[in-house]
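Observations on the model geometry
Each chain is listed here by its residues.
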Amino acid sequence: MPCLCRISVELDCALAVSPMATSNFSSIMSSTFYLTGIPGYEEFHHWISIPFCFLYLVGITGNCMILHIVRTDPRLHEPMYYFLAMLSLTDMAMSLPTMISLFRVLWSISREIQFNICVVQMFLIHTFSFTESSVLLAMALDRYVAICHPLRYATILTPKLIAKIGIAALLRSSILIIPLMARLAFFPFCRSHVLSHSYCLHQDMIRLACADIRFNVIYGLVLITLLWGMDSLGIFVSYIFILLSVLKIASREGRLKALNTCASHICAVLILYVPMIGLSIVHRFAKHSSPLIHIFMAHIYLMVPPVLNPIIYSVKTKQIRQGILHLICSPKISSIAM
C-alpha cells in the first residue's frame, strides 16, 4: 500500500511538471531574437549592403557556372570535377542561409528572427561548414590517388564511391550537430535576446542562455577538434605522400606539373581553415574585444570561400577556364551569326 501511494504521488508530480516543461519549451520555440548589423554604422547600412550584394552575386554566379560546366561538359565527368561540384554546392549551402537575414537587417526591414528559424539557420551554417571540410579532405585524397596511383585513378574513384563519400560527409556533419541544436530548445534565455551578428551562430546564442551550458561548450569543442582535426590531419598526411611521390619524378617540369594540379586545392583549404580558426579564437579568447572584430571575422568565414573558390579554380584549372569562356562567349557568337 505505501508503495502504491508513493507511485501515485510521483505520477501526480510528473503530470504537474509536464505542462510546465511543455509551456517552457513552447515559449522558447516562439521567442524572438534580434540580429545586429554593423554597430555604430547603422546610418550607412544601405551603403554597406552594396559590397555584400556584389559578393553574394559573384559567389552565386561563380559557383552556379562551375556546376553548370561540370554537368554539361562530358570531358569534366571525372572525380576531380565531381568533387569540385560538391565544393561549389557546400559553398552556396553555407552562405545562402545568411543572405536573407543579413539584407533584412542592412535594409532596415526587420531585425527580428524567431528562435526556430534561428536554430534552422545555424544548423545549416554549421552543418555545411563541417561538410565543406570533409569535401576538402576528399579532394586531397583525389589528388593523392591521381598523383601516386595514376593508372588506378578511374577504377578507385568511381562515380558510385564519390556519391557515397558526398552522402557520408553530409550525414556525418548533420547528425553530430543535432545534439547541440536540440539542447538549445530547453535553455531559458532570460538575458538580452540581442545576437551579435546578422545571422545565428551557436557560439553566439549559448552566451545568452541562463543555464548550465558546459555540455554545449565541451561538446562543441570536441566536435570541432575531432571533425576539423581529423580532416586537416587527413589533408596533411595526403600531401606528405604526394610530396614523396612528386620527389621521385625525374624531370623538374614533371614535378612542377604535378604540384600545379594541387595549387587550387591548397588555396581552397587555406581559404576555409584560416578564417574558421580565426573566428573560433576570437569567440573563445577575445570575448571582450570590439564587436566589429567578431562581425568582420564571421563575414570573412562565411563569404570568402564561396567568392574566392570559383575564381581560384577558374584561374588555375584550364578546363574550367575554357568552360566559363565558352559559356560567356557562345551567346555573343550566336547573336553575331544571326
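Predicted model, so just to flag it, every value in this text is computed and none were measured.

Thresholds, definitions, all that
- Residues numbered from 1 in each chain as written.
- Predicted model: local features only at pLDDT ≥ 70, side-chain atom pairs only at ≥ 80, totals over all residues.
- Heavy atoms only, no water.
- Helix = DSSP H or I, 4+ residues; strand = E, 2+ residues; numbered from the N terminus.
- Expected span 1.5 Å × (residues − 1).
- Buried < 20%, exposed > 50% of the residue type's maximum accessible area, 1.4 Å probe, protein only.
- Polar contact = N/O pair within 3.5 Å; in protein donor to acceptor, adjacent residues only side chain to side chain.
- Contact = heavy atoms within 4.5 Å.
- UniProt positions renumbered as here; feature names shortened; annotations may be inferred.
- Core = buried A, V, L, I, M, F, W, Y, C linked by side-chain atoms within 4.5 Å.
- Patch = residues over 30% accessible without salt bridge, like charges linked within 9 Å, V, L, I, M, F, W, Y side chains within 5 Å.
- Areas by Shrake-Rupley, 256 points an atom, 1.4 Å probe, with all protein chains shown as cover.
- Salt bridge = Lys/Arg side-chain N within 4 Å of Asp/Glu carboxyl O.

A short note on helix α2 (residues 45-72)
- Taking 1.5 Å per residue, 28 residues should reach 40 Å; α2 reaches 40 Å between its end C-alpha atoms and fits that length.
- Taken residue by residue, α2 has His 45, Ser 49, Phe 52, Tyr 56, Gly 59, Gly 62, Asn 63, Met 65, Ile 66, Ile 69 and Val 70 as its buried positions.

Quick look at the side chain of Ser 49
- Tracing the sequence through the fold places Ser 49 in helix α2.
- Classification of Ser 49 as buried rests on a relative accessible area of 4%.
- Side chain to side chain, Ser 49 and Trp 107 meet in a polar contact 3.0 Å long.
- When near neighbours in sequence (up to four residues on either side) are disregarded, Ser 49 contacts Phe 103, Leu 106 and Trp 107.

Examining the UniProt feature "transmembrane region" (unreviewed entry) in the protein
- This chain's UniProt record puts "transmembrane region" (unreviewed entry) on residues 47-69, 81-103, 115-141, 161-186, 233-250, 262-286 and 292-312.
- In residues 161-186, helix accounts for 92% and strand for 0%; the two terminal C-alpha atoms are 40 Å from one another.
- From the first C-alpha to the last, residues 292-312 spans 28 Å; its make-up is 100% helix and 0% strand.

Observations regarding the nonpolar core
- Ranked by internal contacts, the top residues of the largest apolar core, which has 75 residues, are Leu 136 and Met 205.
- Those elements that provide at least two residues to this core are α2, α3 (79-106), α4 (115-148), α6 (159-184), α8 (214-247), α9 (252-285), α10 (291-316) and α11 (318-337).
- The element that contributes the greatest number of residues to this core is α4, accounting for 16 residues.
- Contacts of Met 205, omitting those with residues within four sequence positions, involve Phe 33, Phe 115, Cys 118, Met 122, Leu 184, Phe 189 and Leu 195.
- Counting six residues, the second largest nonpolar core, distinct from the first, contains Tyr 56, Leu 102, Phe 103 and Met 303.

Considering a nonpolar patch on the surface
- Taken together, Leu 233, Phe 236, Val 237, Ile 240, Phe 241 and Leu 244 make up a surface patch of nonpolar side chains, about 570 Å² in accessible area.
- Topologically, Ile 240 is positioned in helix α8.

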